[in-house]
Amino acid sequence: MQPPRMRGRARGRRLRCLGKQFGELVGHERGKVGFSAPESTAGCERLTSRAQSGIGQDMDWEQLYQNGDTHWDRGRPSPPLEQWLAQNPLDGRIAVIGCGRGHDVALLAKSGADVLGLDIAPTAVADAKRNYGEHAERFRVEDLFQVSADLRGAFDVVIEHTCLSGLPPDLR
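The rules behind the values
Residues numbered from 1 in each chain as written. Predicted model: local features only at pLDDT ≥ 70, side-chain atom pairs only at ≥ 80, totals over all residues. Heavy atoms only, no water. Helix = DSSP H or I, 4+ residues; strand = E, 2+ residues; numbered from the N terminus. Contact = heavy atoms within 4.5 Å. Areas by Shrake-Rupley, 256 points an atom, 1.4 Å probe, with all protein chains shown as cover. Salt bridge = Lys/Arg side-chain N within 4 Å of Asp/Glu carboxyl O. Buried < 20%, exposed > 50% of the residue type's maximum accessible area, 1.4 Å probe, protein only.

### Considerations on the overall build of the protein chain
When its secondary structure is counted, the protein chain shows 7 helices and 6 strands. For the protein chain, the α and β elements follow one another from N to C terminus as α-β-α-β-α-α-α-β-α-β-α-β-β. In the protein chain, the proportion of contacts linking residues at least 24 apart, taken out of those at least 6 apart, comes to 66%. Accessible area for the protein chain stands at about 8700 Å²; split by element, carbon and sulfur atoms hold 47% of it.

### Examining the pattern of salt bridges
Pairs can form between side chains of opposite charge whenever their charged atoms are close. Per the counting criterion, the structure on display carries 8 salt bridges. Here Arg 101 makes a salt bridge to Asp 127, at a shortest N to O gap of 3.0 Å. Of this pair, Arg 101 sits in the loop between β3 (93-97) and α6 (103-110) while Asp 127 sits in helix α7 (residues 122-131), and the two are 26 residues apart along the sequence. Across this residue pair, the class does not change: Arg 101 and Asp 127 are buried. Here Arg 140 ties to Asp 150 by a salt bridge, and the two come within 2.8 Å at their closest N and O atoms. Placement of Arg 140 in strand β5 (residues 139-141) and of Asp 150 in the loop between β5 and β6 (157-159) is noted, with a sequence separation of 10 residues between them. Taking relative accessible area as the criterion, Arg 140 reaches 24% and is therefore assigned partly exposed. Counted as one network, the salt bridges with shared partners bring together Asp 73, Arg 101, Asp 127 and Arg 130.

Note that every value here comes from positions in space, so none of it alone points to a role or purpose.
Here's what the structure looks like:
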């Protein structure tokens with residue numbers, strides 16, 4: 001299977017290979033493509049500043065979801081991902097890292113993609129399953145820094161929207 005091709009305006013966006021930490025999700029030399037929308041970092045400045053001050057290294061994502069402190073969640077799929085998918089269908093198995101409440105996973109699933117959403121926060125995954133019950137089997141609690149053996153090399157494409165911007169720079 002060939003990696004997805006990036007054309008037109010999508011190429012100019014922050015489409016990039018993911019770092020070593022997430023590279024093991026992608027099998028062989030298939031793709032290693034990540035999608036990151038430019039505006040995603042603006043909504044996470046507070047988390048990034050926490051991360052740079054050392055607070056983010058011990059960020060309790062579960063507690064943030066339990067407290068409703070999820071300013072990055074707009075209640076819908078990422079608009080740049082919606083726009084990109086309208087002109088660039090994806091093939092292969094797709095992982096959405098830091099899937100949160102599942103909006104991007106549901107969008108991809110509705111487009112016919114073989115997609116799995118991964119998030120470290122059980123509350124986020126439970127919310128995703130509740131929000132998108134028809135796609136509940138597509139969500140899984142997973143620590144991206146200790147990826148389960150069955151996920152290593154299992155994906156052709158890795159998509160992220162606000163996941164990496166919430167991590168300390170040395171972990172991105």
